[in-house]
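Geometric and topological summary
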Amino acid sequence: MASASSSSSSVTPYNYSYIFKYIIIGDMGVGKSCLLHQFTEKKFMADCPHTIGVEFGTRIIEVSGQKIKLQIWDTAGQERFRAVTRSYYRGAAGALMVYDVTRRSTYNHLSSWLTDARNLTNPNTVIFLIGNKCDLEAQRDVTYEEAKQFAEENGLAFLETSAKTGEKVEDAFAQAAKHIFQSIQDGSLDLNAAESGVQHKPSGGSKSHSLTHDSAPKESCNC
Amino acid sequence: MDYLLEETVPMADLKKFESKYNDEIQTQGRASSTAQFEYAWCLVRSKYSADIRKGILLLEDLFKNRDESAKQDYLYYLAIGNARIKEYQTSLKYIRALLQIQPGNRQATDLEGVVKKKMERDGLVGMAVVGGATLAFGALVGVGIALAKSK
Ligand SMILES: Nc1nc2c(ncn2[C@@H]2O[C@H](COP(=O)(O)OP(=O)(O)OP(=O)(O)O)[C@@H](O)[C@H]2O)c(=O)[nH]1
Ligand SMILES: [Mg+2]
């Protein structure tokens, strides 16, 4: 798993200085996989089957002058996957919690997603609330103001996005990274703590614990 | 992408789903398909190949004997498990069976790409598919087609 660790490091210099682990959570069909795909490939998938288990994507972005590699785990929203997908929460630096602005039920379930996220991540994990499908204004079922208030009450950052048009998708991933980077700079996020969800590249080749979930040493894979 | 084949399950989770599975067998004589799938999904992500093989057996049992509606889940993790123990041909066979049920499924085509890349790296490309595997593949595709028609 740890492409970032070990053997390749001596040969190829990293073209990024940090790795942040993200998870994307929320009810089925809210557009989690489409958000990931829009972010990594800049494409929209109109007809997308339910995720089986988890999907994975990466992209390097620049935030506050730093190149950061995001490693993103997109979890399946269908109930039968939920118990096991919880093991992917551990060691996430960022959690994007998504609902669908056209389906109130997906908004009503947020408190249960939030409870899981809080219980299974660490106190420094940045939880970002995302109201997706904002292109479907005519079918809107949850107002911006209402969700904004929920976010404020729970100390979450919040944005409305459209994985279809691409609106604010980039911002959601980047702003979460900015928050994480800030907590590294102000010292509240301890990079040496297990499960911080962050790896600093130039010095630490061997710290892959936040990625493997378990600290098994792994081969490098250049991805 | 390779991460899907390389991340490992936390031991505590493996143990947790193992006990859930065993408890159900003890109390009900047989585990629910949910408990069996959860346990198998953890097993195929273990760092030990013996665990992965056990997970594959549990998934094969689910595929043959349980819910029609979750066949794609079983096929996908059968493909992951086999790829992790370097049974690449078998893995590809399951990916193709999954693509029969859900043509163009992106997770399946992505995984296919990863597996083929691994085979290339291991110098396995161009190796003939042996008779047995071809036969099994034929049988699975049959199931896939039957499923696709029954929709
Ligand atoms: N109009 C519109 N449709 C969207 C948007 N995002 C996703 N969709 C559609 O919503 C459906 C579900 O999207 P997915 O990305 O598969 O949802 P998911 O959250 O990954 O679902 P699970 O994998 O089952 O948890 C797909 O048919 C998408 O085309 C959006 O921003 N606008
Ligand atoms: Mg999905």
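Check the entry above for the structure.
Treat the numbers as computed from the prediction; the structure is a model and nothing was measured. (Residues numbered from 1 in each chain as written. Chains lettered and ligands numbered in written order. Predicted model: local features only at pLDDT ≥ 70, side-chain atom pairs only at ≥ 80, totals over all residues. Heavy atoms only, no water.)

Counting its secondary structure elements, chain A contains eight helices and seven strands. Looking at chain A as a whole, 55% of its 223 residues qualify as buried. Contacts spanning at least 24 positions in sequence make up 73% of the contacts within chain A whose residues lie at least 6 apart. Here chain A has roughly 9200 Å² of accessible surface; of this, 47% comes from carbon and sulfur atoms. (Helix = DSSP H or I, 4+ residues; strand = E, 2+ residues; numbered from the N terminus. Buried < 20%, exposed > 50% of the residue type's maximum accessible area, 1.4 Å probe, protein only. Contact = heavy atoms within 4.5 Å. Areas by Shrake-Rupley, 256 points an atom, 1.4 Å probe, with all protein chains shown as cover.)

Bringing the site of ligand 1 into the picture now. Residues and elements named next belong to chain A. Neighbouring ligand 1 are 23 residues, the closest being Lys32, His50, Thr51, Gly77 and Asp135. Lys133 places a polar side-chain atom, nitrogen or oxygen, 2.9 Å from an oxygen atom of ligand 1. Coverage of ligand 1 by the protein chains reaches 90% of its 660 Å² of free accessible surface. Ranked by the residues each element gives to the shell around ligand 1, the list is headed by helix α2 (residues 32-41), at three residues. The residue makeup of the shell around ligand 1, split by class, is ten nonpolar, eight polar and five charged. (Near = heavy atom within 4 Å. Polar contact = N/O pair within 3.5 Å; in protein donor to acceptor, adjacent residues only side chain to side chain. Nonpolar A, V, L, I, M, F, W, Y, C, P; charged D, E, K, R; others polar.)

Residue and element names in this part refer to chain A. Across the interface, α2 lies against helix α7 (residues 169-185) with an axial gap of 9 Å and an inter-helix angle of 85°. What the angle tells us is that α2 and α7 run roughly perpendicular. Touching Leu35, Leu36, Gln38 and Phe39 of α2 are Val169, Glu170 and Phe173, all from α7. Within the contact of α2 with α7, the residues separate by chemical class into five nonpolar, one polar and one charged. (Axes fitted to C-alpha atoms, helices over the stretch in contact; angles between N-to-C directions. Parallel < 35°, antiparallel > 145°, perpendicular 65-115°, else oblique.)

Here the focus is the coordination of the magnesium ion (ligand 2). A four-donor tetrahedral metal ideally has 109.5 degree angles, and a six-donor octahedral metal ideally has angles of 90 or 180 degrees. Residues and elements named next belong to chain A. For the magnesium ion (ligand 2), the full set of protein donor atoms is Ser33 (OG) and Thr51 (OG1), and the range of their distances to it is 2.0 Å. Remark: Thr51 occurs in the loop between α2 and β2 (54-63) and Ser33 occurs in helix α2; sequence separation between them is 18 residues. Among the residues examined, Ser33 registers a relative accessible area of 8% and is labelled buried. (Donors = N, O, S within 2.8 Å, 3.2 Å for Na, K, Ca; no water.)

Counting residues in each nonpolar core, the largest one holds 74 residues, and the members touching the most others are A:Met97, A:Tyr99, A:Leu129, B:Leu59 and B:Tyr77. Beyond its immediate stretch of four places on either side in the chain, A:Tyr99 contacts A:Val30, A:Thr106, A:Tyr107, A:Leu110, A:Leu129, A:Ile130, A:Gly131, A:Asn132, A:Val142, A:Ala147, A:Phe158 and A:Glu160. Within the second largest apolar cluster, 34 residues are counted, among which are A:Tyr22, A:Phe39, A:Phe128 and A:Phe181. (Core = buried A, V, L, I, M, F, W, Y, C linked by side-chain atoms within 4.5 Å.)

What is expected of a backbone is that most residues other than glycine have negative phi and most peptide bonds are trans. Unusually for a residue other than glycine, A:Lys133 sits at a positive phi of about 75°. Topologically, A:Lys133 is positioned in the loop between β5 (126-132) and α6 (144-153).

Tallied over the full model, the rule gives 22 salt bridges over all chains. Note that A:Arg59 is salt-bridged to A:Glu170, the shortest N-O span being 2.5 Å. In this pair, A:Arg59 is assigned in strand β2 and A:Glu170 in helix α7, connecting sequence segments 111 residues apart. Between B:Asp2 and B:Lys117 there is a salt bridge, and its shortest N-O distance comes to 3.5 Å. One end of the pair, B:Asp2, is in the segment before α1 (3-6); the other, B:Lys117, is in helix α7 (residues 106-121), and 115 residues separate them in sequence. With relative accessibility at 37%, the residue B:Lys117 sits in the partly exposed group. Three or more residues joined by partner-sharing salt bridges are found here, namely A:Arg82, A:Arg86 and A:Asp116. (Salt bridge = Lys/Arg side-chain N within 4 Å of Asp/Glu carboxyl O.)

So, on to the packing of aromatic side chains. Going through the model one piece at a time under the given rule, you end up with 18 aromatic pairs over all chains. A network of ring pairs unites the aromatic residues A:Phe81, B:Phe37, B:Trp41, B:Tyr74, B:Tyr76 and B:Tyr77 as a single cluster. Taking NZ or CZ as reference, A:Arg59 lies 4.4 Å from the ring centre of A:Phe39, over its face. The ring of B:Tyr94 carries the charged tip of B:Lys93 above its face, separated from the ring centre by 4.6 Å. (Phe/Tyr/Trp six-rings, centres within 6.5 Å; stacked < 30°, edge-to-face > 60°. Lys NZ or Arg CZ within 6 Å of the ring centre and 35° of its normal.)

Let us look at the pairing of β2(A). All names here are of chain A. The element β2 is extensively covered by neighbouring structure, given that seven of its ten residues are classed as buried. Across ten bridges, β2 lies against strand β3 (residues 66-75) in antiparallel orientation. Directly across from Ile60, in β3, lies its bridge partner Lys69. (Pairing = 2+ DSSP bridges.)

Right, let's get into the pairing of β5(A). Residue and element names in this part refer to chain A. Taking burial as the measure, the seven residues of β5 include seven buried ones, the bulk of the element. Burial of β5 is two-sided: the residues Val126, Phe128, Ile130 and Asn132 facing one way and the residues Ile127, Leu129 and Gly131 facing the other way are all buried. Of the pairings in the sheet, the one linking strand β4 (residues 94-100) to β5 comprises seven bridges and is parallel in character. Paired with Asp100 across the two strands is Asn132, which belongs to β5. Examined bridge by bridge, β5 and strand β6 (residues 157-160) share four bridges and lie parallel to one another. By the bridge assignment, Phe128 is partnered in β6 with Ala157. For the crossover that starts at β5, traverses α6 and ends in the parallel β6, the hand is right-handed. (Right-handed = clockwise from strand over helix to strand, strands pointing away.)

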